[in-house]
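Structure assessment
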Amino acid sequence: MKSTPITLTEFYHRFPKADLHYHLLGGVRLETMLSFADKYQIALSELEAKAYYRAHQKETGIVKGGIEALTFLYQLMQEPSDYARVMREVAEDAHACGVKYIETFWNPSDTVLSYADVNTALADAIDNAYNELGIVIRLIPSINREKSPEDAVAMVNEMIDSPHPYVLGIGIDYKEHDAPVEKFWKAYRLAKLHGYKLTAHCSEFGLHWRNVETGIELIDVDRIDHGYTIIDNPALTQKYAQRGIPFTVIPSNTYYFKQWPSHQDWCQHHPIRAMAKAGINIIPCTDDWHIHNTTSANCYRVMVEDFGFDIGSLKQMMINSIEASWMPDETKQQWLAEWSHEFDALRANLLAEPTIAPDMKVCYRR
Ligand SMILES: [Zn+2]
């Protein structure tokens, strides 16, 4: 029986994907934000809420930073059922575009509820999502680096006091400028001692590559989130490419949109392309799904249609995402076989492979 041909758009939506850099609250839908405000009688007009979402930038004239949105949203989530709702919606949105696995960050130091209460609500919602949609979701409590290193240690102690099999490791996010990762060495060391995996937002916002180096050499992270300025140091780039250190990269990163307002310049000069060309282990991720007005399918579409990667490159990135995930090896082996098979079958049904200008084309194989 002949299979039905599919368009590129369908292909981006249907091939299996893992998102390893996903902030839970970046996945809050606008209507959900409004309904929480209503539930707790917190003054928030629709226009004010829209100001947090890039999709409404034209209407509101501004976009408040993702960080501001996250801080605000934590105050709007006052009952475990709120977290369950968000997790449910995150799962639905991701499932609708072919995502099979997510590792999601949340910030325990910012919540109104206790660590244990939030974690239980999230874990129960993860079980429901798996049973109903088959999507697998795991958790990464993340340090708010704008708070103190002692708050970060307290977060890890809470993880140790209330362990849960879905909690795989720790991360760090928020504004990096005055809070490089080494400031939080104690929390990282404690987490590592207790068997947790480590990742860190390093060199986001165009900050110096030494933050990546510190994350890898001193903190001994398993992954880097962002890390774009590593390309300013060719020797280190080569070293980390050879070591295969995974970097989660975000095509919708705000900093680079501001850096190159011209779409053409942005496409050409985005460090994601240079990282790939240098052989860095990159994994495209969404970061703040609704706030950035993106999806996992869109993320991969951008890799092809804006950054010039061919379809074989997407398969390499899909493989990278499985290998860099924190699931057991046995699961990863199974996913590698199943997802690759699914990818190849869908690719064989493509109506046409994308046409990429020769001067833009990147064939990314590691
Ligand atoms: Zn992030």
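Scroll up to find the structure.
Summary of the structure given here. Because the structure is a prediction, the values reported are computed rather than measured.

Quick word on the coordination of the zinc ion
At this site the zinc ion is bound by His21 (NE2), His23 (NE2), His201 (NE2) and Asp287 (OD), with donor distances of 2.0 to 2.3 Å. On the primary sequence, the residues serving as donors to the zinc ion are separated as H-x1-H-x177-H-x85-D. Placement of the pair is His23 in strand β1 (residues 17-23) and Asp287 in the loop between β8 (281-284) and α15 (296-305), with a sequence separation of 264 residues. Accessibility assignment for this pair places His23 and Asp287 in one class, buried.

Here's the deal with the packing of aromatic side chains
One pass over the structure, following the stated rule, counts 16 aromatic pairs. Here Tyr228 and Tyr256 contribute two aromatic rings whose centre-to-centre distance is 5.2 Å and whose plane-to-plane angle is 85°, an arrangement assigned as edge-to-face. Of this pair, Tyr228 sits in the loop between β6 (223-226) and α11 (234-243) while Tyr256 is found in helix α12 (residues 254-259), placing the two residues 28 residues apart along the sequence. With a relative accessible area of 0%, Tyr228 lands in the buried category. On the basis of an interplanar angle of 25° and a centroid distance of 5.0 Å, the ring pair of Phe257 and Trp266 is categorised as stacked. In textbook terms, an aromatic cluster arises when at least three aromatic residues are bridged by ring pairs, as seen for Phe11, Tyr12, Phe15, Tyr300 and Phe343.

Some points on the sheet that holds strand β4 (residues 169-173)
Within the open sheet, the eight strands sit side by side as β1-β2-β3-β4-β5-β6-β7-β8. Their pairing is parallel. Of all strands in the sheet, those with a lone pairing partner are β1 and β8, marking the two edges. Each adjacent strand pair in this sheet contributes to an overall mean axis angle of 25°, direction not counted. Relative to strand β3 (residues 136-144), strand β2 (residues 99-106) is paired through six bridges, and the arrangement is parallel. By the bridge assignment for β3, Ile102 is matched with Ile137. Contacts between helix α7 (residues 115-133) and the sheet are confined to β2 and β3, with β3 contributing the most and set at about 155° to the helix.

Some details on the environment of Glu89
Tracing the backbone through its elements, the reader meets Glu89 in helix α6 (residues 80-95). Each C-alpha atom of the pair Glu89 and Arg29 lies 7.9 Å from the other, and the pair is 60 residues apart in sequence. Filtering out sequence-adjacent residues up to four positions away, Glu89 remains in contact with Arg29 and Thr32. Within the structure, the side chain of Glu89 is placed 2.6 Å from the side chain of Thr32, a separation counted as a polar contact.

Focus on the state of the cysteines
According to the stated counting rule, one finds zero disulfides in the structure shown. In this structure Cys267 is a free cysteine whose sulfur lies 14 Å from that of Cys299, the closest cysteine sulfur available. Summary of cysteine pairing: Cys285 is not part of a disulfide, and the nearest cysteine sulfur, belonging to Cys299, is at 6.6 Å.

Observations regarding helix α16 (residues 311-323)
Here α16 is 13 residues long and its end C-alpha atoms lie 19 Å apart, about the 18 Å a rise of 1.5 Å per residue gives. Summarising burial for α16: 12 of the 13 residues are buried, a large majority. Buried residues belonging to α16 abut α1 (8-14), β1, β8, α15 and α17 (329-348).

Re unusual backbone geometry
The bulk of non-glycine residues show a negative phi, and the bulk of peptide bonds are trans. Positive phi, normally seen in glycine, also occurs at His226, with a value near 75°. Its location among the elements puts His226 in strand β6. If you check the backbone angles, Asp287 has positive phi at about 70° while not being a glycine.

Criteria and cut-off values
- Along every chain, residues carry numbers that run from 1 in the direction the sequence is written.
- In keeping with the predicted nature of the model, local features appear solely for residues at pLDDT of at least 70, side-chain atom pairs appear and are counted solely at 80 or more, and the whole-chain, interface and lining totals rest on all residues.
- Where side-chain values are given, they derive from all heavy atoms of the structure, hydrogens and water being excluded.
- Here a donor is any nitrogen, oxygen or sulfur atom (N, O, S) within 2.8 Å of the metal, with 3.2 Å used for Na, K and Ca; water is not among the atoms considered, so some sites may look incomplete.
- Each helix is a run of DSSP H or I of at least 4 residues and each strand a run of E of at least 2, with the numbering of both proceeding from the N terminus.
- We call a residue buried when its accessible area falls under 20% of the maximum for its residue type, exposed when it is over 50%, and partly exposed in between, using a 1.4 Å probe and counting protein chains only.
- Any two rings among Phe, Tyr and Trp, with Trp reduced to its six-membered ring, count as a pair given centres within 6.5 Å; such a pair is stacked if its planes are under 30 degrees apart, edge-to-face if over 60, and tilted if neither.
- Pairing between strands is defined by DSSP: at least two bridges between them are needed.
- Axis lines are fitted through C-alpha atoms, for helices just across the contact stretch, and the angle between N-to-C directions can take any value from 0 to 180 degrees.
- Should any heavy atoms of two residues lie within 4.5 Å, those residues are counted as being in contact.
- Any pair of N or O atoms that falls within 3.5 Å is considered a polar contact. Within protein, one atom must be able to donate a hydrogen and the other to accept it, and sequence-neighbouring residues count only if both atoms are side-chain atoms.
- Sulfur atoms of two cysteines make up a disulfide when they are within 2.5 Å.
- Take the number of residues in a helix, subtract one, and multiply by 1.5 Å to get its expected span.

Structural measurements only, silent on function.
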